[in-house]
Every structure is written in structure tokens, then in C-alpha cells.
Amino acid sequence: MEEIARQRLLFFAEEGRLLASTGDTNDFISDVWSQDADMTAIPLSRLGPDFLKLSTRLAGEAIQKFVNYGIPLAILGDVTQPVAQSGALRDFIYESNKGKAVWFLRDADALRGRLTGTAP
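Residues numbered from 1 in each chain as written. Predicted model: local features only at pLDDT ≥ 70, side-chain atom pairs only at ≥ 80, totals over all residues. Heavy atoms only, no water.

Time to look at the nonpolar core. With 25 residues, the main nonpolar core has Leu19, Ile42, Phe51, Phe66 and Phe104 as its most contacted residues. At the level of elements, helix H1 (22-34), helix H2 (58-68), strand S4 (73-76), helix H4 (87-98) and strand S5 (102-105) are the ones that each hand at least two residues to this core. If you tally residues by element for this core, the top one is H2, at five residues. Aside from chain neighbours lying at most four places away, what touches Phe104 is Leu52, Ile63, Ile75, Val79, Phe92, Ile93, Ser96 and Asn97. (Core = buried A, V, L, I, M, F, W, Y, C linked by side-chain atoms within 4.5 Å. Buried < 20%, exposed > 50% of the residue type's maximum accessible area, 1.4 Å probe, protein only. Helix = DSSP H or I, 4+ residues; strand = E, 2+ residues; numbered from the N terminus. Contact = heavy atoms within 4.5 Å.)

Attention now moves to the pairing of strand S3 (residues 39-43). Taken across its five residues, S3 has five buried, putting it largely inside the fold. Summarising the sheet, strand S2 (residues 7-11) and S3 pair through three bridges and their orientation is parallel. Across the sheet, Leu10 pairs through a bridge with Thr40, a residue of S3. In this fold, S2 hands off to H1, which returns the chain to S3; that crossover is right-handed. One ladder, built from four bridges, connects S3 with S4; its direction is parallel. In the strand pairing of S4, Thr40 is matched with Leu73. (Pairing = 2+ DSSP bridges. Right-handed = clockwise from strand over helix to strand, strands pointing away.)

Turning our eyes to something else, we now look at the layout of surface pockets. Gaps left between atoms show up when a probe the size of a water molecule is rolled over them. The computed volume of the largest pocket comes to approximately 190 Å³. In terms of lining residues, the largest pocket is bounded by Pro49, Leu52, Lys53, Leu54, Gln81, Pro82, Gln85, Ser86 and Leu89. Counting residues per element, the lining of the largest pocket draws most heavily on helix H3 (residues 80-85), which supplies three residues. (1 Å grid on protein atoms, 1.4 Å probe; cavity = no way out; pocket = protein on both sides within 12 Å on 5 of 7 lines; lining within 4 Å. Points joined across faces, edges and corners; volume = space filled by probe spheres on them.)

With that settled, consider the sheet that holds S2. Hydrogen bonds between backbone atoms are what pair the strands of a sheet, whose relative direction is either parallel or antiparallel. In space, the five strands of this open sheet follow the order S1-S2-S3-S4-S5, with mixed pairing throughout. The open sheet has two edge strands, strand S1 (2-4) and S5, and neither has a second partner. Between one strand axis and the next, the sheet turns through 25° on average, direction left out of account. (Axes fitted to C-alpha atoms, helices over the stretch in contact; angles between N-to-C directions.)

Laid out in C-alpha cells, this is it:
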């Protein structure tokens, strides 16, 4: 847990159970609630192999659950390779990063910068 710009942010570890189904989303949300966090950050390493395949609808359904419960979500890691393989994913990430509900950022420092207004 870390406080950034008056928000309690739960960073999930690089290793642990995967967010690989819509049911798994509930476990992640429960962890956020149990830590009384305002926002969460999940590393790419914790996402199931189909998460970034938009045709599976997993990303959309999982993200929608976070939105419905009012939990901003940051997905941290290098998405260069999956984006190179999918124009739809590139557009989805671009649009997501313009909002406040979900961001795809390279690392925790980029998230800290975005929250404090010091991002390049």
C-alpha cells in the first residue's frame, strides 16, 4: 500500500494468482476493499494470457467491474508487443489512458507521475 496524491494505492505483486477470468476479478476487488485502497495497480505479469486479446472480452468485463465498483485501475507493464499485434488494442489503450478509470502505464513510476502531475 502506498499513498500518492492523497489516494491509497494498492500495488499487486509481480507474482501471484492471475486475473484470467471474470470471476478472478472479484478476488482482486476483494483485496482492494480489504486493504481500504482507493485505487489499484496490477502488473501485466498478473494478467492471464487472454486478457489483452479483446476478442475474449475478458479485459472489457474485468475493467467494467472495477469501474462499477468505483475502483480506478492501472495496468503496469510494457504493452508494446500486444499493441503491435492489434490495432483495436492500441486504440483501446489510447482511449483508456485519456480517462480516469483505467490506465495502461509502463511502471509504478509512470503511475506516480500521472497521479502527482509530474509525468513527462
